[in-house]
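As a plain string of letters, each chain reads:
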Amino acid sequence: MYLPTFRLDGKTAIVTGAGRGIGRAIAVGLAEAGADVAIMSRTESDLRETARLIEAAGRKACMLAMDVTERDQVQKAVSVVIDEFKEINILVNNAGMNIRSKALEVTDEEWQKIMDTNLKSAFMMSQEIGRTMADNKNGASILSISSVGGHTALRTGVVYAATKAAMIQMTKVLALEWGTFGIRVNSLGPWYFKTPLTEKLLSDEQYVNDILAVTPLNRIGELYEIVGPAVFLASDASSYITGQTLFVDGGMTIKGF
Ligand SMILES: NC(=O)C1=CN([C@@H]2O[C@H](COP(=O)(O)OP(=O)(O)OC[C@H]3O[C@@H](n4cnc5c(N)ncnc54)[C@H](O)[C@@H]3O)[C@@H](O)[C@H]2O)C=CC1
Ligand SMILES: C[C@H](O)[C@@H]1OC(=O)[C@H](O)[C@@H]1O
């Protein structure tokens, strides 16, 4: 048989920022592929809806309202998930935010908040869960949600771009270090998808026209279109892929003239 499995039956996953947007879509998609899913975000009411969708897919949900920028909360949350699920096979570092200031106007507080939310949280989650994955040697997969903004210059903020570029490089170094434990580390680099993070921008017709002008597929992505690549990189269908960033971008990063 040549076709590897895209299924996640018997697997367990953690998704950060799963209260809405891309995180919710990926969390539910992992459940539809067979995984039990622990979901972390700040807003309990958002998490309850994601948990409902996971359970509607026939899988277990473990909800953790917390702040992924705080090490003690990350450690506590990971311990709760391991008590509940016994082991963790998949980690999706999705939580992120942006403050779209011009470089000359960025404040120290803005710098720290974006760095902590987008980059530090992903590293802390990877450290705390990587420890258990290394012990279990269970063919684990870590997936970070970067951005095309980590690869090509966007007008949406230098600090955000720096965090996403750092995520791409962190993916490579963790893949190098943790391959010996059988842990695969990859990232996804989305272009625009309509979520609460981008809703306001995508309601501006001129802005959308500017996006389409650099997007060969000439449309904004639909949330289900990020789920397939996420399940692929989480599953054994990508068992010989590590250290890579897969841009889910309608062709934006290859746009030339
Ligand atoms: N929507 C888009 O077009 C794109 C999004 N991305 C990335 O995808 C990821 C998800 O983005 P969206 O779903 O659009 O964002 P969103 O703003 O709709 O959702 C972000 C989620 O992260 C959670 N979160 C934020 N800070 C947190 C913290 N300190 N602790 C716990 N949870 C926290 C929020 O509560 C929310 O549930 C982000 O990393 C973003 O940078 C990348 C490229 C494009
Ligand atoms: C594509 C980017 O990751 C996305 O675009 C935005 O405006 C958001 O703030 C992100 O930077």
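Quick caveat: nothing in here was measured; it's all calculated off a predicted structure.

## Things to note about the site of ligand 1
Part 1 of the reasoning: Neighbouring ligand 1 are 28 residues; Arg20, Ile22, Asn94, Tyr160 and Thr195 lie closest to it.
Part 2 of the reasoning: Between ligand 1 and aspartate 67 there is a distance of 2.9 Å, counted from a nitrogen atom to a side-chain nitrogen or oxygen.
Part 3 of the reasoning: Relative to its free-state accessible area of 830 Å², ligand 1 is covered by the protein chains to the extent of 97%.
Part 4 of the reasoning: When atoms are counted within 2 Å of each cavity's grid points, the one that captures over half of ligand 1 is the largest pocket.
Part 5 of the reasoning: Elements that contribute at least two residues to the shell around ligand 1 include exactly helix 1 (21–32) and helix 5 (158–178).
Part 6 of the reasoning: Tallied by class, residues from the shell around ligand 1 come to twelve nonpolar, twelve polar and four charged.

## Thoughts on the layout of surface pockets
Part 1 of the reasoning: Considering only enclosed or pocket space, the largest pocket measures out at about 900 Å³ in volume.
Part 2 of the reasoning: The wall of the largest pocket is formed by 42 residues, among which Asn94, Ala95, Gly96, Met97 and Leu197 lie closest to the centre.
Part 3 of the reasoning: Listing elements by their share of the lining of the largest pocket, those giving two or more residues are helix 1, strand 2 (36–41), helix 4 (108–136) and helix 5.
Part 4 of the reasoning: Along the lines of polarity and charge, the residues of the lining of the largest pocket split into 17 nonpolar, 16 polar and nine charged.
Part 5 of the reasoning: Put simply, the second largest pocket is a space of about 150 Å³.
Part 6 of the reasoning: Taken together, the residues of the lining of the second largest pocket sort by class into eight nonpolar, one polar and two charged.

## Observations concerning the sheet that holds strand 7 (residues 245–248)
Part 1 of the reasoning: Taking strand neighbours across the sheet as the criterion, the seven strands line up as 3-2-1-4-5-6-7 in an open arrangement whose pairing is parallel. If you trace the sheet from one side to the other, it starts and ends with strand 3 (61–65) and strand 7, each paired once. Sheet twist, expressed as the average angle between the axes of neighbouring strands with direction ignored, equals 15°.
Part 2 of the reasoning: Looking at chain direction, strand 1 (residues 12–16) and strand 2 are connected through five bridges and run parallel.

## Things to note about the nonpolar core
Burial of nonpolar side chains together is a common tendency in soluble globular proteins.
Part 1 of the reasoning: In terms of nonpolar packing, the biggest core is built from 36 residues, with Ile14, Leu64, Val81, Ile129, Met133 and Ile183 touching the most fellow members.
Part 2 of the reasoning: When contributions to this core are tallied by element, the ones reaching two or more residues are strand 2, strand 3, helix 3 (71–85), helix 4 and helix 5.
Part 3 of the reasoning: Considering each element in turn, this core owes the most residues, nine residues, to helix 4.
Part 4 of the reasoning: Residues within four places of isoleucine 129 in sequence aside, it is in contact with Ile14, Val78, Ile88 and Leu91.

## What about the UniProt feature "domain: Ketoreductase" (unreviewed entry) in the protein?
Part 1 of the reasoning: Following the UniProt record, one finds the feature "domain: Ketoreductase" (unreviewed entry) at residues 11–194.
Part 2 of the reasoning: Taken end to end, residues 11–194 has its terminal C-alpha atoms 29 Å apart, with 49% of it in helix and 17% in strand.

## Some details on the packing of helix 1 against helix 2 (residues 44–56)
Part 1 of the reasoning: In the contact formed by helix 1 and helix 2, the axes pass within 9 Å of each other and the chain directions differ by 25°. The angle between helix 1 and helix 2 falls in the class roughly parallel. Crossing angle aside, the handedness with which helix 1 passes helix 2 is right-handed. For the pair helix 1 and helix 2, contact is made by Arg24, Ala27, Val28 and Ala31 and by Asp46, Glu49, Thr50, Leu53 and Ile54, respectively.
Part 2 of the reasoning: Looking at side-chain class alone, the contact of helix 1 with helix 2 contains five nonpolar, one polar and three charged residues.

## Side note on helix 4
Part 1 of the reasoning: Spanning 29 residues, helix 4 covers 40 Å between terminal C-alpha atoms, matching the ideal 42 Å at 1.5 Å per step.
Part 2 of the reasoning: Along its length, helix 4 reaches its greatest deviation from straightness, about 45°, at aspartate 116.
Part 3 of the reasoning: Downstream of helix 4 by a residue or two, lysine 137 has a phi angle that is positive, lying close to 40°.

## Points about the site of ligand 2
Part 1 of the reasoning: Neighbouring residues of ligand 2: Asn98, Arg100, Ser147, Leu154, Thr156, Tyr160, Trp191, Tyr192 and Leu201.
Part 2 of the reasoning: Side-chain polar atom of threonine 156 to an oxygen atom of ligand 2: 3.3 Å apart, as the coordinates give it.
Part 3 of the reasoning: A distance of 2.9 Å separates an oxygen atom of ligand 2 from a polar atom in the side chain of tyrosine 192.
Part 4 of the reasoning: Protein contacts shield 97% of the accessible area of ligand 2, which totals 300 Å² for the unbound molecule.
Part 5 of the reasoning: Counted by class, the shell around ligand 2 contains five nonpolar, three polar and one charged residues.

Rules used throughout
- Residues numbered from 1 in each chain as written.
- Chains lettered and ligands numbered in written order.
- Predicted model: local features only at pLDDT ≥ 70, side-chain atom pairs only at ≥ 80, totals over all residues.
- Heavy atoms only, no water.
- Near = heavy atom within 4 Å.
- Polar contact = N/O pair within 3.5 Å; in protein donor to acceptor, adjacent residues only side chain to side chain.
- Areas by Shrake-Rupley, 256 points an atom, 1.4 Å probe, with all protein chains shown as cover.
- 1 Å grid on protein atoms, 1.4 Å probe; cavity = no way out; pocket = protein on both sides within 12 Å on 5 of 7 lines; lining within 4 Å.
- Sits in = over half its atoms within 2 Å of the grid points.
- Helix = DSSP H or I, 4+ residues; strand = E, 2+ residues; numbered from the N terminus.
- Nonpolar A, V, L, I, M, F, W, Y, C, P; charged D, E, K, R; others polar.
- Points joined across faces, edges and corners; volume = space filled by probe spheres on them.
- Pairing = 2+ DSSP bridges.
- Axes fitted to C-alpha atoms, helices over the stretch in contact; angles between N-to-C directions.
- Core = buried A, V, L, I, M, F, W, Y, C linked by side-chain atoms within 4.5 Å.
- Buried < 20%, exposed > 50% of the residue type's maximum accessible area, 1.4 Å probe, protein only.
- Contact = heavy atoms within 4.5 Å.
- UniProt positions renumbered as here; feature names shortened; annotations may be inferred.
- Parallel < 35°, antiparallel > 145°, perpendicular 65-115°, else oblique.
- Left-handed = near helix turned anticlockwise from the far one by under 90°.
- Expected span 1.5 Å × (residues − 1).
- Bend = angle between axes of the 7 residues up to and from the residue.

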